Amino acid sequence: MQATPLDQPLLSAKTLRIDRGGRTLIEGLTFDLRAGEQLVVRGPNGCGKTSLLRVLAGVAAPAAGTLTATSVGYLGHRDGFKDTASVACALKQWCALARQQNPALDEVLAQVGLADRSLFLVRALSAGQRRRLAIARLLLRKASVWVLDEPFNALDSAGRALLTQAFETHCAAGGCIVMALHEDIAFDGAKTLSLGEAAA
Amino acid sequence: MSLVWRDIAVLSQGGRALALSCFFLVLAASLFPFAVGPDTKLLSAIAPGVHWLLALFLAVLHGERIFVEDEQDGSLEQLRALGFAEGSLMFSRIVAHWVIAFAPQIALTVVVDIFLGAGLASAGQHMLSLLIGTPALSCLAVLAAALTLGARQSSLLMIVIVFPLMIPPLIFGVSAAADSGSAALMLLGASSLISLVIAPLAGHFALKAALK
Amino acid sequence: MHRFANPARFGRLADRVSPVLWVLFGLSLALGLYLAFFGSPPDYQQGQSVRIMYVHVPSAMMTTGLYGFMALASATALIWRHPLAHMAARAAAPVGTAFCLITLATGSLWGRPMWGTWWEWDGRMTSVLIQLFLYFGYMAMWNAFSDRARAANAAAILALVGVGNLVIIRFSVEWWNTLHQPASILRAGGPTIDGSMLWPLAAMVLAASAYAGLMILKGMKIELKAVRLETLMENQAAPTTSYRLDLG
């Protein structure tokens, strides 16, 4: 993670407009995220959570406005792992693309509880285990901004606990997090962006 | 560079895609004697055209799936989040497409020529024309794949849009394969160079729209 | 240019221009047909069949011209994001395709008595045929996506790549053709056209242009209605999201 001065925002959105299917979902969204900050995006289905996160992660371009972000780690609904690769190979490949030299694979796999699965094929993993694998990639990526789309999906309680732990470590180390969450998942101490509600 | 290796590794599907290219070439080339008769004079006369038609089909055969799987499983999203620009995604896939579709074809030129009764002397000329001209086909195929990503009946659509665009390289390629020392080879090289500029540029806009 | 971006204003403009175009179309067509059949002499070489030219040549001009128009409109749409430009390009495509088919059909009919063959792989005919394929590809692109914005974008890029390619195709097909066979005698030098044939031709070109303009305006109006309908149906399902940012 590169050292960023504390006052410098890690992620800065200015008058973003998000469109989907030729229709404007969100307009004029402006906010900054600094080291240690967390922003939770909430709202009902179809309000544009995923569209917004894809823009924040740099996957899609905003319809208008500007976005500046330092290195981004993105966790989407789909994880981008190939069924036929082994767990270790899949991680290695993504680390190579992210230019991570000598990634601590075993360490991180142990951290997400997949230590004994490193030679398994990805298709032999359950949905929850695949999610853990995606979290392992996120940890290896060492990005300062985490953009997470419903990160708790498919995880069991142990998985949720380790993810919450990872959030704390990440923020303490000077990172920041934007994540979309369902209404029924409580998350304390974070800024919130509620989509689908009239401005207060 | 790591992106190019990754794309070659993923798209070659552990070498199966390369094997598909080889089998397709040998099988399709062996159909021509059945189609036009086993007259080696006629077969060797149409050999340049056969090579280039096979190249067009190979381009489309591998072009169809060049983005689809990575788009569906989320790899394309991850690559964008890692900061790879649309243009470099295009470029690395053009290279990967060429390696998978046309490296085997260039290697097997001699085999196809033997099937068609064309001499080994002409095989060199055929190989040269394929070497210089097939990058243009890869560019156009990958561009068409980017444009049709997520479309209904995308493989049919891809054929409809890509074959007309491939006519100039086809014309120049067949001429260059048939006749050494003509202007065709230069024109063929020029169309490859132009395609290498246009395809990443147009693909940039196409992918941007596809990833909305 | 964005003055006409407002659909209502465009509608009013179209309603004002259309009658003028209809009158222009009717007059020039009547004049052109009269001159073509009665006011111009048969060709000393081709006889009566030269009159096919009065349909063939304007159609060929429209085929190329409309493709150029499509590319220009697409560029306008991509660069300046003019909302009506995509629609103009889309509306031009079927008109261009129709003229392209007429060009090919009349060319074929003309070729039979003149060259003794329905089809000749000569440079011009071949490139018109390829242009037909490009038109088909463009229209297929529009119809292949459920998302209108995505379809518009892909089709516009294709139109622009296609127009660059068209230049190369024209050149390469001519080059290929002269490589394979000597140029047709009729084409060599191109006999200079007589004034008595120029006037009916000019009238027919005017008629074809007016007709193309009319059809584009009509197509755009239909397209605008379709967009309005879609927007209505979408907004009913999901109104634009409002949001509240609570920065703690």
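Residues numbered from 1 in each chain as written. Chains lettered and ligands numbered in written order. Predicted model: local features only at pLDDT ≥ 70, side-chain atom pairs only at ≥ 80, totals over all residues. Heavy atoms only, no water.

**Thoughts on the interface of chain B and chain C**
- The interface is formed by 26 residues belonging to chain B together with 27 residues belonging to chain C.
- Together chain B and chain C conceal approximately 2200 Å² of surface at their shared face, both sides included; 78% is due to carbon and sulfur atoms.
- The largest share of the area that chain B buries against chain C comes from Leu147, Arg152 and Leu165 of chain B, three residues that together contribute 25% of it.
- The interface formed by chain B and chain C contains 0 salt bridges.
- Counting across the interface, chain B meets chain C through 4 residue pairs in polar contact (both at pLDDT 80 or more). (Contact = heavy atoms within 4.5 Å. Buried area = accessible area lost by both parts, 1.4 Å probe. Salt bridge = Lys/Arg side-chain N within 4 Å of Asp/Glu carboxyl O. Polar contact = N/O pair within 3.5 Å; in protein donor to acceptor, adjacent residues only side chain to side chain.)

**Comments concerning the interface of chain A and chain B**
- Residue-level contacts link 22 residues of chain A with 22 residues of chain B.
- Contact between chain A and chain B buries roughly 2000 Å² in total, counting both sides, with carbon and sulfur atoms accounting for 51%.
- The tally of links between chain A and chain B comes to 5 salt bridges.
- Residue Arg78 of chain A pairs with Glu77 of chain B through a salt bridge whose shortest N-O separation is 2.7 Å.
- Applying the counting rule to chain A against chain B returns 12 residue pairs in polar contact (both at pLDDT 80 or more).
- Elements supplying a minimum of two residues to the side of chain A that touches chain B: strand E5 (72-75), helix H2 (87-97) and helix H4 (127-141) of chain A. (Helix = DSSP H or I, 4+ residues; strand = E, 2+ residues; numbered from the N terminus.)

**A look at the packing of helix H9 (residues 154-165) of chain B against helix H4 (residues 123-143) of chain C**
- Taken N-terminus to C-terminus, the directions of H9 of chain B and H4 of chain C make an angle of 150 degrees; their axes are 9 Å apart at the nearest point. When the interaxial angle is binned, H9 of chain B and H4 of chain C end up roughly antiparallel. Note on packing geometry: the crossing formed by H9 of chain B with H4 of chain C is left-handed. Here H9 of chain B contributes Leu157, Val160, Ile161, Pro164 and Leu165 of chain B to the contact with H4 of chain C, which in turn contributes Ile130, Phe133, Leu134, Phe136, Gly137, Ala140 and Met141 of chain C.
- Looking at the contact of H9 of chain B with H4 of chain C, its residues break down into 11 nonpolar, 1 polar and no charged. (Axes fitted to C-alpha atoms, helices over the stretch in contact; angles between N-to-C directions. Parallel < 35°, antiparallel > 145°, perpendicular 65-115°, else oblique. Left-handed = near helix turned anticlockwise from the far one by under 90°. Nonpolar A, V, L, I, M, F, W, Y, C, P; charged D, E, K, R; others polar.)

**Brief notes about the domain arrangement of chain A**
All names here are of chain A.
- For chain A, the domain assignment lists domain 1 (1-71 + 144-200) and domain 2 (81-142).
- Relative placement of domain 1 and domain 2: their C-alpha centres are 23 Å apart.
- In this complex, domain 1 contributes 17 residues to the contact, which on the side of domain 2 involves 11 residues.
- With both sides pooled, the region where domain 1 packs onto domain 2 buries about 1000 Å², and carbon together with sulfur makes up 65% of that total.
- Connecting domain 1 to domain 2 are 1 salt bridge.
- A salt bridge links Arg132 to Asp156; the nearest nitrogen and oxygen atoms lie 2.9 Å apart.
- Those elements that provide at least two residues to the side of domain 1 that touches domain 2 are strand E6 (145-149) and helix H5 (157-172).
- With 5 residues, H5 is the largest single contributor of residues to the side of domain 1 that touches domain 2. (Domains from an automatic or database assignment.)

**Quick word on the pattern of salt bridges**
- Applying the stated rule across the entire model yields 20 salt bridges over all chains.
- The salt bridge involving Arg130 of chain A is made with Asp83 of chain A; its shortest N-O contact spans 3.0 Å. Separated by 47 residues along the polypeptide, Arg130 of chain A in helix H4 and Asp83 of chain A in the loop between E5 and H2 bring together distant segments of the chain.
- For Asp83 of chain A, a relative accessible area of 38% puts it in the partly exposed group.
- Of the charged contacts, one joins Arg6 of chain B and Asp7 of chain B as a salt bridge, the two residues approaching to 3.0 Å between their closest N and O atoms. Side by side, Arg6 of chain B and Asp7 of chain B carry an identical accessibility label, which is buried.
- One continuous salt-bridge network, built from bridges that share partners, spans Lys82 of chain A together with Arg6, Asp7, Glu69, Asp70, Asp73 and Arg93 of chain B. (Buried < 20%, exposed > 50% of the residue type's maximum accessible area, 1.4 Å probe, protein only.)

**Brief notes about unusual backbone geometry**
- A positive phi angle, close to 70 degrees, is found at Ala154 of chain A, a residue other than glycine.
- Within the secondary structure, Ala154 of chain A is located in the loop between E6 and H5.
- Exposure remark for Ala154 of chain A: the relative accessible area of 51% places this residue in the exposed category.
- At Gln153 of chain B, a position not held by glycine, the phi torsion is positive, near 45 degrees.

**Considering the sheet that holds E6 of chain A**
- Pairing within the open sheet is mixed, and its 6 strands lie in the order E5(A)-E6(A)-E7(A)-E3(A)-E8(A)-E1(C). Each end of this open sheet is capped by a strand with a single partner; those strands are E5 of chain A together with strand E1 (243-246) of chain C. Adjacent strand axes in the sheet meet at a mean angle of 10 degrees, parallel and antiparallel pairs treated alike.
- Where E6 of chain A lies against strand E7 (residues 176-180) of chain A, 5 bridges are found, and the strand directions are parallel. (Pairing = 2+ DSSP bridges.)

**Observations concerning the confidence of the model for chain C**
All names here are of chain C.
- Residue-level pLDDT values for chain C average 84, and 87% of them are 70 or greater.
- Looking across chain C, the model is least confident in E1, with a mean pLDDT of 74, and most confident in helix H2 (residues 53-80), with 92.
- Counting interchain partners and residues more than four positions distant, the pLDDT-below-50 stretch residues 182-189 has 9 contacts.
- Interface scoring of the predicted complex returns ipTM 0.88; its pTM is 0.88. (pLDDT = per-residue confidence, 0-100.)

**Regarding the side chain of His86 of chain C**
- Tracing the sequence through the fold places His86 of chain C in helix H3 (residues 85-115).
- Residues contacting His86 of chain C, with those up to four places away along its chain left out, are Ala77, Trp142, Ala152, Asn153 and Ala156 of chain C.

**Here's the deal with the packing of aromatic side chains**
- According to the stated counting rule, one finds 12 aromatic pairs over all chains in the structure shown.
- Their ring planes at 75 degrees and their centres at 5.9 Å tell us that Phe152 of chain A and Phe167 of chain A sit as a pair that is edge-to-face. Taken as a pair, Phe152 of chain A in the loop between E6 and H5 and Phe167 of chain A in helix H5 lie far apart in primary sequence, 15 residues in all.
- Judged by relative accessible area, Phe167 of chain A falls into the buried class, the value being 1%.
- On the numbers, 6.5 Å between centres and 55 degrees between planes, the contact of Phe172 of chain B with Phe171 of chain C is tilted. Taken together, the residues Phe172 of chain B in helix H10 (residues 167-178) and Phe171 of chain C in helix H5 (residues 148-180) connect one chain to another.
- Site record: aromatic cluster; members linked through ring pairs are Trp22, Phe25, Phe99 and Tyr211 of chain C.
- For the cation-ring pair, Arg117 of chain A lies above Phe120 of chain A, with the distance from its terminal atom to the ring centre recorded as 5.0 Å. (Phe/Tyr/Trp six-rings, centres within 6.5 Å; stacked < 30°, edge-to-face > 60°. Lys NZ or Arg CZ within 6 Å of the ring centre and 35° of its normal.)

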